[in-house]
Structure formats: C-alpha cells, structure tokens
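Close look at the chain arrangement
Okay, here's what each chain looks like letter by letter:
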Amino acid sequence: MANSTGTTNSTGTASAAAAKSAAAAAKAKQALAKAMRQRNNENSVKFLAAGAVGIMVIFMLSHLIHAIYKRATRKSGPKGALRFPVAISRNIKSVLLRKVPGLPSVGHTLVVLGYAATTITVAFVNIEWTTLNGWAKRLGWVTCGNITLITFLALKNTPLAFLTAYSYERLNILHRIAGYATVFFGILHAVIYTIAESKSHSLLTLIEDKQIMGITAGFAMLISLSTALLLRKLRYEIFYVVHIVMFMLIVITVAMHRPNPKSKSVYIMVFTGSIWVADRLIRFAKISFFTFGNSATITPLSHGGTQIVMKKSPFGARPGAHCFLWIPGVRAAETHPFTITSVNPLKLVVKAHDGFTRDLHRAALEAPGRVLRASVDGPYGTQPNFTTFNKVVLIAGGSGASYTFGVVIDLLRKIGQSKGTSIEFIWVVKNKEMITWFSSELQTLSASPSVALHIHNTSLTSPASSTYTPTFPVPPTAVLSPASPLSPASSKLDSSLEKELGSQLRKESSSVMSLDAMSIPLKSGRPDLPVMITGAIESASIEERVAVAACGPEGMMEVVRRSVAANVKGNGAGVELFLEQFGW
C-alpha cells in the first residue's frame, strides 16, 4: 500500500513537472515568436527606408553624372565615344518625359511604381499569417514608416534640393501619393485589428487609452485625406490649416498609441516630429531675421494685381525662385509663396483671388504706395544655369510670365553682349492690359538682338496681328507666383474694386513710368506651340543644347511637355525641360 502511494505521488510529481516544462516551453516559444515578429516588423521599416533612400541615390547619381557631362561637353558637345551613350540617354529621356494619365510623366510613374513595389513588399513579406493580429501590426509599422517619408518629402529645407536639384515643390506629387498610401495602410491596419479582436471576443481592448489614441490618429488621417481631396484646390488656406493640425495630431497620437520604448515605433514618431520641428524652426529663423528693418511697398495694378517691392532681399534670392511672403498688417498668421521676378530690390506681384491676396489688393487700393512691415522666408526652388544653353525657349501663360520674365531679364544681364545664347520668348495673355505689368521688361526684350518676342492675345480675333499702346501709366513689375496655392478660378474680384483701380492708377503718376510712346506687337489667338518648339529644337545641331522653360496652366504645360518629348532624339540637340506649373 505504501509503495502504491509512493508510486502515485511520484507519477503526479512527474506529470506536474512535465506540465510545467511544457508550459515553460510554450511560453518560451511564444516569446521567441513575439521577438521574431518584432524584429521582422522593425526590418520592414528599415527596408522601406532603404528603398526610399535607394531611389534618392539614383537621382543623386543621375544629377551628378549630368553635371559632370555638362561641364565636360560645355564647349564642344558630345564627341567620339560619348556620342553613343549620349544618344541612348536622350532616347530614354524622350520616353521618360511623356505624359501619363494621372501623373506628370513616365519618369514620375516609374518612381511611383518603385515606391509601390517597395511598400507592398515590406507589407506582405515575413508576416505571421497564423493570426490577423500579425498582419495588422505589420500594416501599422508600414504606416509609421510612411508618415516619416511624407514628412521628409514635405520639408521646405530639404537636402534633396542641392543633392538632386529637386526642391520641395517638385516633390509634392510624391508627397501626396505617399500620403494616400499612408492613409490606406493606416485604415487597413485599424480594420484588420478590429476584426481580429472581434474574433477573439476582445473588443473591450479598443477602449483602452492607447487604443483610443490609435483610433484618434485614424480619424485624423481621414480628415486630412478628405480635405486634401475636397479643399486643396478650392480653399487652400483652410486646407493648409487643417492639414497642419491633423499632421501634428497624427504624430502625437501614433506615438501614444505605442508608447512603450521597447516597441521602438515611438522612436519613429519622435524622429518624424523632430525633423518637422527643425524645418519649422529654420523657416521661423529666416522670417525673424529678415523682419528687422524690412518693409514692403504695395501698389495696386489693373485686373486685381498688386505690386510688392521689398526693402531687403533674402540671401541667395534669384529670379525664377520663390519666397514665402509675410505681411502681418494684412494677415499676421499666414505666409504665402510667390515667384521672384527681380532682386535688388526684390519685386513680386500678387494677383487677387481669395483670402490673403484679396485682402492685400484691398489694402493697396485703400492707400497706393503704402509701406507695411514685412518679411520673407526663402528663396526656394532650384533653377538651372541658362547661360550654359545655346538656345532658350521661354513660354508663359498669363500670370506665369512672373517666372519667365524673371529668368529672361536675369539671363540677359549675365550674357551681356555675348551672342552665344539665342532666346525665344512666348507669352499668351487673355487681356492685353496685362502686358503693362511688365513694361520695362518688355522694353528690354524689344531692344535686345538676342530675343525673339512673341506675344499672343487670345481675346483678339482679327486682324491676325495688331499693335497695342497702353493707355495709362503702370509700374514695371512681376506677376502672381506660379507657386501660389490659390486657384485662378477660385473667385473674381469685385467689379467695384476694378473700377476704383483705374482711377487710382491715374493718380499714382509719381511712382510709375509712362508707356504712351511704346507700341507692342500682338498676335491674335493661341500660338502653335508644338510647331514653335519643334522649330527651335530642330534648328539646333547635335553639339548644341536647348532649354525649354514654361510656366502656365495645366493644359499649356501638357502641350509643352508632349512637344519637347517628341523632339528629344538621339541624333539631335541636347534638350532640357523645366516646368513651373500653377498650384501645388
């Protein structure tokens, strides 16, 4: 009996030990699986970052090789062994420049496809498919990585501006696409996680503090997406405020969604917030520095234009670039981007549409020549050295001439009496009075033997050409920046303001120059841009380089892009395309 009892106790002890050992083994296995899942999730963000950096490196190398090639062939063009690789690269460029539905070009499409392939790969590789939670968590990590990426692409003071010659406004299309992907992965993460919790009867976990933070971030993403789709083009100022507020809310709530440092996702959000704050501090420092002793003189122009002349220019300001203008006397909490047409002094002209631009024009009408405290943040935007080209074709639609006039006047100043660069200047306007905004610039172009001037007035129907003499004095100036976020169709200025403007302009004779003796030849209708671009490129030899730069509405930019792409040939001249398009 005693032996039997001893055997039973021994068996029970062994069973308990075995059960304890099995439990420990299961726990260890679970811990190992969790560690592996954490490592794979961390690696997914690293691979996403590596993919993005890889794409950037390709652009950096391309920019470097292109710069070296231009320096090596500046005087003689491609010779000998260089001709074959140059011909191949030009044929490839012809394809990359072509328009693609929904995206600016084939080149943009390839970048987007590379990003999509990288993101999808890291979202679906090395996932624990046994539970929905595993997939949901991976999607959350991918969302975190994308938040960092879209923040980097939105930085005004981006290092990519000098490493790749792509400044923030040229990266905006990629910022938007990555933003859409971020919202998609974020919402998918929330949906799958909710389904997983429902299946395990654990929905109550969704009311925990850290889960509420995640839910808040999801709604902030949806609000940001909806305003981007509905308000960005219609009411940019409202969209911008909502966008910034939602971004800050997303970064904070995502960090609080996984606050444990061991998860490491909180570090991603800390880094994201840090680079954004750093960029904001740099911009604030610039505006603060150029506030001291600075001011803006504002003068009304016809058709809702307002000339702005700054007392001080920012360091490195150059025509064709843009800066953010701050005039607290008009709107203290807002800055707006406008193209620089000339420097020393820095001149801008803002065309009134909505919000800030409308208020600015009203202020100018109330007191023409008024001096207001002001500052600028900039300059921003990358501009090529047009003096390295044998031919330069400049094309503008309406207020896009702010860019092309700035470029051409600066170019003429640099080349002086040299005949090494020929220029074709094409400007399309709807209202002939608009040409008075550039009176002195037009006089300079008319007097230069290097410039072939073509001004087309689409409101003229007959005769085929005419001569226009302005009827009242108007100051020489610039025009609305192509970087302005306000759509030209957003609103119309009150007709009463326009009537008032006419009388105001006639009174302000002390600060303007008379154009009564100046006759400007105008051509009726729209120019045949494909023919003009083709003629300019085909007349250049294989050793020569041609630059085509344009700024205007979307339809015009598509025509220019398509025409240039069709004329980039392996056995033709070297052609570069530079587009400054309205809006963001």
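The text that follows walks through the structure, step by step, so that each part is easy to find. The written sequence of each chain sets the order in which its residues are numbered from 1. Local features are withheld for residues below a pLDDT of 70 in this predicted model, meaning they are given only at 70 or higher, and side-chain atom pairs are given and counted only at 80 or more; totals for whole chains, interfaces and linings count all residues. With hydrogens and water excluded, all non-hydrogen atoms of the structure serve as input to the side-chain values.

1. Considering helix α9 (residues 265-289)
Helix and strand definitions follow DSSP, with helices as H or I runs of at least four residues and strands as E runs of at least two, each counted in order from the N terminus. Helices are assigned an expected span. That span is 1.5 Å times one less than the residue count. Here α9 contains 25 residues, and its C-alpha end-to-end distance of 37 Å stays within 8% of the 36 Å for a straight helix at 1.5 Å per residue. Under the scheme applied here, a residue whose accessible area is under 20% of the maximum for its type counts as buried, over 50% as exposed, and between as partly exposed, the area being computed with a 1.4 Å probe on protein chains only. Those residues of α9 that sit buried are S265, V266, I268, M269, T272, G273, I275, W276, D279, R283 and I287.

2. Here's the deal with the pattern of salt bridges
Salt-bridge detection follows one rule: a side-chain nitrogen of Lys or Arg within 4 Å of a carboxyl oxygen of Asp or Glu. Applying the stated criterion across every chain, the model contains 10 salt bridges. In this structure, D359 engages R331 in a salt bridge whose closest nitrogen and oxygen atoms are separated by 2.9 Å. Of this pair, D359 sits in helix α10 (residues 355-366) while R331 is found in the loop between β3 (322-326) and β4 (336-339), placing the two residues 28 residues apart along the sequence. Judged by relative accessible area, D359 falls into the partly exposed class, the value being 27%. We classify R331 as partly exposed; its relative accessible area is 24%. Of the charged contacts in the structure, one is a salt bridge between K414 and D410, with a shortest N-O distance of 3.2 Å. You can see K414 and its partner D410 sitting in helix α11 (residues 401-415), four residues apart, about one turn around the helix.

3. What about the packing of aromatic side chains?
When the centres of two rings from Phe, Tyr and Trp lie within 6.5 Å, Trp using its six-membered ring, the rings pair. Their planes under 30 degrees apart give stacked, over 60 give edge-to-face, and anything left gives tilted. Per the counting criterion, the structure on display carries 20 aromatic pairs. Where Y168 meets Y380, the ring centres are 5.8 Å apart and the plane angle is 85 degrees; that geometry is what we call edge-to-face. With Y168 in the loop between α5 (160-163) and α6 (172-199) and Y380 in strand β7 (residues 375-380), the pair connects residues that are 212 residues apart, well separated along the chain. The residues Y168 and Y380 share a single accessibility class, namely buried. What links up through ring pairs into an aromatic cluster is the set F405, F425, W427 and F438. A positively charged side chain is recorded as over a ring if its NZ (Lys) or CZ (Arg) lies within 6 Å of the ring centre. The angle to the ring normal must also be within 35 degrees. Its guanidinium or amino end placed over the ring of F324, R283 lies 4.6 Å from that ring's centre, counting from NZ or CZ. Over the ring of F289 we find K312; its NZ or CZ atom is 5.9 Å from the centre of that ring.

4. Looking at the sheet that holds β7
Two strands are counted as paired when DSSP detects at least two bridges linking them. The three strands are arranged β4-β3-β7 in an open sheet whose pairing can be described as antiparallel. One side of each edge strand has no neighbouring strand; the edge strands of this open sheet are β4 and β7. In this sheet, neighbouring strand axes are inclined to one another by 30 degrees on average, regardless of whether the strands run parallel or antiparallel. As paired strands, β3 and β4 are joined by four bridges and run antiparallel to one another. Each residue of the ladder has a partner; that of C323, found in β4, is F338. For helices, the fitted line uses only the C-alpha atoms of the stretch in contact; every axis is such a line through C-alpha atoms, and the angle between N-to-C directions lies from 0 to 180 degrees.

5. Some thoughts on a nonpolar patch on the surface
Each patch is built from residues lacking any salt bridge and having more than 30% relative accessible area; the joining distance is 9 Å for like charges and 5 Å for nonpolar side chains (Val, Leu, Ile, Met, Phe, Trp, Tyr). Note on areas: Shrake-Rupley, 1.4 Å probe, and residue coverage restricted to the protein chains presented here. Together, V53, V57, L61, L64, I65 and I68 make up a nonpolar patch on the protein surface, roughly 540 Å² of accessible area in all. Along the chain, V57 falls in helix α1 (residues 2-72).

6. Details of helix α14 (residues 529-538)
Here α14 has its buried residues at L529, M532, I533, A536 and I537. In a view along the axis of α14, the buried residues occupy a sector of 125 degrees, so they form one face of it. Opposite the buried face of α14, by more than 90 degrees, sit the exposed residues V531 and E538. In this description, the arc belongs to the directions extending from the helix axis to the C-beta atoms.

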